[in-house]
Amino acid sequence: LANTAGFELTVIENDRTVLGMRTINGTPDQATPSFVATLQTLIVNPYWYVPKRIERDKLWPREQRQPGYLLGRGFRIFDTRNGGWQELEPVAPGDIQNHGGNAGLRLRQDPGPDNLMGRLSFVLPNPFDIFLHDTPDRRLFERTTRTFSEGCVRVENAMVLALHALRRDPAWNEARIQEEIDALRHRNLPLPEPIPVYVLYLPTWVDAAGQVQFRDDVYRRESVLASYFPAD
């Protein structure tokens, strides 16, 4: 259960919380949606296929300001106009920015320490293309209000979550996963059993101790509900 209003993820088995960690969620203008999905696959050393909006609004403008930014952080340029992903020949940092306005060109970031998906990604197919994933930017977990992502849910302890998801597969333990990470090997690992995932927005809830918890309505969804149920 990922509660985007509480900035937390909990794993619940038999009505008991067995894992808990902080999360980073979407900004107010790119709010993480609420949905139900099924976690099916763990990716070790994921590639990041950059959404077009992020390319247009953030990465290409940054390349214009800082020539060499994309190449320096492991981004590659692909031509997708023929339906596939054909990598373009490497270009000099001063020239790469010229590709920014070309329709059909897409960016992909290679696995590694700078990859914005982190080292582990959890695939739960859904209409919004939302993932649970690791992040290289650990300092943001120290903030109280953690609305910094482009919509996906960044998890604080991705390795712990991965080990729990793979706990019924004796072939995978922390040492082996870390070995794959260190070797930069890209691996898709089907989970031994699918896991239901609920991404919800709950500014108010009752915790295991029976205490009512309140959080700020960071996405202003409660005010929308209130407009349908005006106070007498």
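A brief report on the enclosed structure follows.

Let us now look at the overall build of the protein chain. When you go through the protein chain residue by residue, the secondary structure sums to 6 helices and 15 strands. Each principal axis of the C-alpha distribution contributes one length, and for the protein chain these read about 60 × 50 × 35 Å. Sequence-distant contacts, at least 24 apart, represent 64% of the contacts inside the protein chain between residues at least 6 apart. Of the roughly 12,900 Å² that the protein chain leaves accessible, carbon and sulfur atoms contribute 50%. In the protein chain, the 27 positive side-chain charges and the 30 negative ones have mean positions that sit 2 Å from each other.

Our next topic: unusual backbone geometry. Despite not being glycine, Phe7 has its phi angle at roughly 55°, a positive value. Mapping Phe7 onto the fold places it in the loop between strand 1 (2–3) and strand 2 (8–13). Judged by relative accessible area, Phe7 falls into the buried class, the value being 5%. In this structure, Asp15 takes a positive phi of about 65° despite not being glycine. Residue position: Asp15 is located in the loop between strand 2 and strand 3 (16–26).

Compared with an ideal rise of 1.5 Å per residue, which puts 14 residues at 20 Å, helix 1 (residues 52–65) spans 19 Å between its outermost C-alpha atoms and is within 8% of the ideal. Leu59 marks the point of greatest bend in helix 1, at about 30°, and the proline Pro61 comes within the next four residues. Along helix 1, the residues that are buried comprise Ile54, Glu55, Leu59, Trp60 and Glu63.

Another aspect to go through is the side chain of Asn115. Topologically, Asn115 is positioned in the loop between strand 8 (105–109) and strand 9 (120–123). Within polar-contact distance, the side chain of Asn115 engages the backbone nitrogen of Met117 at 2.7 Å. Excluding residues within four positions of it along the chain, Asn115 makes contact with Pro46, Tyr47, Trp48, Gln109, Asp110 and Pro136.

The subject of this paragraph is the pairing of strand 8. Along strand 8, 5 of the 5 residues are buried, which leaves the element largely enclosed by surrounding structure. Burial along strand 8 is two-sided: the face carrying Leu105, Leu107 and Gln109 and the face carrying Arg106 and Arg108 are both buried. Summarising the sheet, strand 5 (residues 48–49) and strand 8 pair through 2 bridges and their orientation is antiparallel. Residue pairing for strand 8: Tyr49 is matched across the bridge by Arg108. Sheet analysis places strand 6 (residues 75–79) next to strand 8, joined by 5 bridges and oriented antiparallel. Note on strand 8: the bridge partner recorded for Ile77 is Leu107.

In this section: the side chain of His164. Residue position: His164 is located in helix 4 (residues 158–165). A polar contact is formed between the side chain of His164 and the side chain of Glu13, at a distance of 3.1 Å. Beyond its immediate sequence surroundings of up to four residues, His164 is in contact with Val11, Glu13, Val18 and Leu19.

Counting buried residues along strand 6, 4 of its 5 residues qualify, which places the element largely inside the surrounding structure. Pairing of strand 6 with strand 7 (residues 86–87), which is carried by 2 bridges, proceeds in the antiparallel orientation. Of the residues in strand 7, the one forming a bridge with Phe78 is Glu87. In this structure, the hairpin formed by strand 6 and strand 7 is closed by a connection of 6 residues, where Gly83 is found at a positive phi of approximately 95°.

Glancing now at the sheet that holds strand 8. Overall, antiparallel pairing links the 4 strands, which are arranged 5-8-6-7 in an open sheet. If you trace the sheet from one side to the other, it starts and ends with strand 5 and strand 7, each paired once. Set on the sheet, helix 1 makes contact with strand 5, strand 6 and strand 8; between it and strand 8 the angle comes to about 80°.

Turning to the packing of aromatic side chains, a few remarks are in order. On inspection of all chains with the given rule, the structure shows 5 aromatic pairs. What links up through ring pairs into an aromatic cluster is the set Tyr49, Phe78 and Trp85. In this structure, Arg176 packs its charged tip against the face of Trp172, placed 3.8 Å from the ring centre. Sitting over the ring of Tyr201, Arg221 keeps its end group 4.8 Å from the ring centre.

Rules of the game
- Residues numbered from 1 in each chain as written.
- Predicted model: local features only at pLDDT ≥ 70, side-chain atom pairs only at ≥ 80, totals over all residues.
- Heavy atoms only, no water.
- Helix = DSSP H or I, 4+ residues; strand = E, 2+ residues; numbered from the N terminus.
- Contact = heavy atoms within 4.5 Å.
- Areas by Shrake-Rupley, 256 points an atom, 1.4 Å probe, with all protein chains shown as cover.
- Lys, Arg positive; Asp, Glu negative; His and termini not counted.
- Charge placed at Lys NZ, Arg CZ, Asp CG, Glu CD.
- Buried < 20%, exposed > 50% of the residue type's maximum accessible area, 1.4 Å probe, protein only.
- Expected span 1.5 Å × (residues − 1).
- Bend = angle between axes of the 7 residues up to and from the residue.
- Polar contact = N/O pair within 3.5 Å; in protein donor to acceptor, adjacent residues only side chain to side chain.
- Pairing = 2+ DSSP bridges.
- Axes fitted to C-alpha atoms, helices over the stretch in contact; angles between N-to-C directions.
- Phe/Tyr/Trp six-rings, centres within 6.5 Å; stacked < 30°, edge-to-face > 60°.
- Lys NZ or Arg CZ within 6 Å of the ring centre and 35° of its normal.

Purely geometric numbers; function is a separate question.
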